[in-house]
Amino acid sequence: MSIILVVDDSPDNLTLMSGLLSDDYTVKVANDGEKALRIIAGSTPPDLILLDLMMPKISGEEVLAQVSKKRPDIPVIVITAIDDTETAVRCIKAGACDYLIKPIDHSRLLTIVRKALEFDEMRQENVRLSEAVIEGALKNPEIFAGIITNDSKMNSLFRYIESVAITSQPVLISGETGVGKELFAQAVHDCSGRTGPIISVNIAGLDDAAFTDTLFGHKRGAFTGADRDRPGLIERAEKGTLFLDEIGDLDSHSQVKLLRLLQEHEYYPLGSDQPRRSTARIVAATNLDLETASKSGSFRADLYYRLYLHHISIPPLRERRNDIPILTRVFLRKAAEELKMDTPVIGAELEKLILRYPFPGNIRELSSLLYDALSRQSSDSEPFASMQETISKSYISELSSVTKVYPKTGNIFSGLDTLPTLEEAGELLIDEAMKRTDNNKTLAADMLSVTRQTLLRRFKKRTADINE
C-alpha cells in the first residue's frame, strides 16, 4: 500500500486528510516542516507528499526545495490557501507535480493523488526496464521455475514481468491456446510482492448478470434467493491479484463495469448504491486478437487500451522449437510416474517428427499426446504408435494443403522427349518425398500413400542393386 505524507500545521486539516485517504493508503502526518523532513529522510519514506506552504519553523517552499534536491523521485502536490499565480509557477518550477487551492473537492483530490501515484509508478517502471536490459539476469529466477524454457524470447518476457509486476496497473497476457497463460499470470502475481491471494475466474460463458455477481458480489435482497450478503471475487482478491481468463469473451455491458473498475478502482455490489474500493490488481488473458476486436467494435477500444498498458505476448511452441526436447523429457517423466511405469525413450525418427510438428495446441497438446501415448502402450505394441500416427496424419494434412506433388492442370510428363520407366518414376517420387519430409521415412510413406514397410523394402532393394 502506498504511503502518503500529509504536511499541514492545521490539526483539522490533518484529521480530514487522514480520514479521506486512509481507506486506500497508509497515511503519515507532520504538523511542521522539520518533522516532515525527518519522515522523508527515514527508513520508510513516503511515495507521495501533500504539502501546505504556510507552516512554522520551515516553510512548505523550503521543504519542497529540499525534497527536489535530495529525493526528486517523490512526487509533491502543493495544497494551499494562497491563490497566487506567481507562487504556483514558482512551486511547479521547484519540482511540485501539482498545485491545488483550498478548499479542495474531495473526489478531485483522490483522483489527482491516484494519477500522481500511477505516473510515478510508470516512471519507476521505466527505470527498472532499463536496468533489466542492462543487467540481463533475473532477480528472482525461482519464480519462473515452473515455466520450462531455454528460449531467449521467453527469458526476455521474464525480465519484463519482474520490471512491471510491482506496479498496480493491469496486465494483458495474450497467446494461443495451450501456451501457458495461467503460469504467466501466477508469475506476475508472485513477482508483485502483493500480500493478498491470486483469484482466478474464466470469463467465457458468463453473461452480464453472472459476471457482476461473480466479481462484485451482492447484498441481501438484491434478487430472489439472495438471503444473505455474498462477497465477490474482487473482494476475495483484496491486496492481491484478480486473474480474468478469456477476457475477449466478456459481455459488452460487463466491459463497461470492468472499465470503471480499472479507472476508478471502485465497484458496486448488486443491490448496493454505495461504491466499494478495490486494491486488487487486474491480470487478464486471451487467445483472441483484441486489437482487431476493438476495431470491429466487439471489444471496447478504451478497455483494450487500458488493459494493454502492460502486455505479455507469449510465443507459440512452433516459434521456440528448442524447448520441445526438454518439454518432451519432462512430460514423459511426469506421465510415467503417474502411470507407474518406466520412462520410455523416444526414437530418433519420432523425435525428428515431433520437432517438425507445428503443435497448434502448443504445450498442452504436447503434454496430452505424450500422456495418451504412454497410457495406450502395452507390452506387445510399438512405443508411441498412437502419437506417431496422430502427428503424421496432422502433418501430412497440413503439408498437402500447401504443397502439391503435381500441377492442377496438365501432365508433368507431357513436355519430356523421353519418358522415365515406372521404376525410375517411383524412385524420383521417393526422393522428392524424402526431401520434403526431411528424410523422415514415416512421413514420406504417408505422403506417397504406402506403408512404411513398403518404403523400407524399396530402400533395401536400392542398397542391394548398388552392391551388385
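Residues numbered from 1 in each chain as written. Predicted model: local features only at pLDDT ≥ 70, side-chain atom pairs only at ≥ 80, totals over all residues. Heavy atoms only, no water.

J.: What exactly am I supposed to notice about helix α10 (residues 252-264) here?
T.: Three- or four-residue spacings in an α-helix give side chains the same orientation, since the helix completes a turn every 3.6 residues. Relative to the 18 Å expected for 13 residues at 1.5 Å per residue, α10 spans 19 Å between its end C-alpha atoms, a close match to the ideal helical length. On its buried face, α10 is in contact with α8 (208-216), α9 (233-236), β10 (241-245), β11 (266-267), β13 (281-286) and α12 (301-307). In this structure D251 caps α10, since a side-chain oxygen of it lies 2.8 Å from the backbone nitrogen of H253. (Helix = DSSP H or I, 4+ residues; strand = E, 2+ residues; numbered from the N terminus. Expected span 1.5 Å × (residues − 1). Contact = heavy atoms within 4.5 Å. Polar contact = N/O pair within 3.5 Å; in protein donor to acceptor, adjacent residues only side chain to side chain.)

J.: Whenever I open this one, the side chain of S163 confuses me. Can you help?
T.: Mapped onto the elements, S163 comes out in helix α6 (residues 152-164). A polar side-chain atom of S163 sits 3.1 Å from the main-chain carbonyl oxygen of R159.

J.: Explain a nonpolar patch on the surface to me, please; I cannot follow it from the model alone.
T.: A cluster of nonpolar side chains, contributed by I412, F413, L416 and L419, occupies part of the molecular surface with about 380 Å² of accessible area. Looking at where F413 falls in the secondary structure, it is placed in the loop between α16 (385-402) and α17 (422-436). Here F413 falls in the partly exposed class, since its relative accessible area comes to 33%. (Patch = residues over 30% accessible without salt bridge, like charges linked within 9 Å, V, L, I, M, F, W, Y side chains within 5 Å. Areas by Shrake-Rupley, 256 points an atom, 1.4 Å probe, with all protein chains shown as cover. Salt bridge = Lys/Arg side-chain N within 4 Å of Asp/Glu carboxyl O. Buried < 20%, exposed > 50% of the residue type's maximum accessible area, 1.4 Å probe, protein only.)

J.: Even after reading the chapter, I still don't get the pairing of β13, so can you show me in this structure?
T.: Along any regular strand the residues' side chains alternate between the sheet's two faces. Within β13, six of the six residues are buried, which leaves the element mostly enclosed by the surrounding structure. The side-chain alternation of β13 yields two buried faces, one formed by R281, V283 and A285 and the other by I282, A284 and T286. Across four bridges, strand β6 (residues 171-174) lies against β13 in parallel orientation. Each residue of the ladder has a partner; that of V171, found in β13, is V283. As defined by bridge partners, β10 adjoins β13 across four bridges and the pair is classed as parallel. Paired with L242 across the strands is I282, a residue of β13. (Pairing = 2+ DSSP bridges.)

J.: I keep staring at the nonpolar core and nothing clicks. Help me out?
T.: The tendency in soluble globular proteins is for nonpolar side chains to be buried as a group. L242, L244, I247 and L258 are the most contacted members of the largest nonpolar core, which has 28 residues in total. At the level of secondary structure, the elements contributing two or more residues to this core comprise β7 (198-202), α8, α9, β10, α10, β13, α11 (290-296) and α12. Apart from the residues within four sequence positions on either side, L242 is in contact with I199, L215, L233, I234, A237, R281, I282 and V283. Counting residues in hydrophobic clusters, the runner-up holds 24 residues, among them L332, L370, F384 and M387. (Core = buried A, V, L, I, M, F, W, Y, C linked by side-chain atoms within 4.5 Å.)

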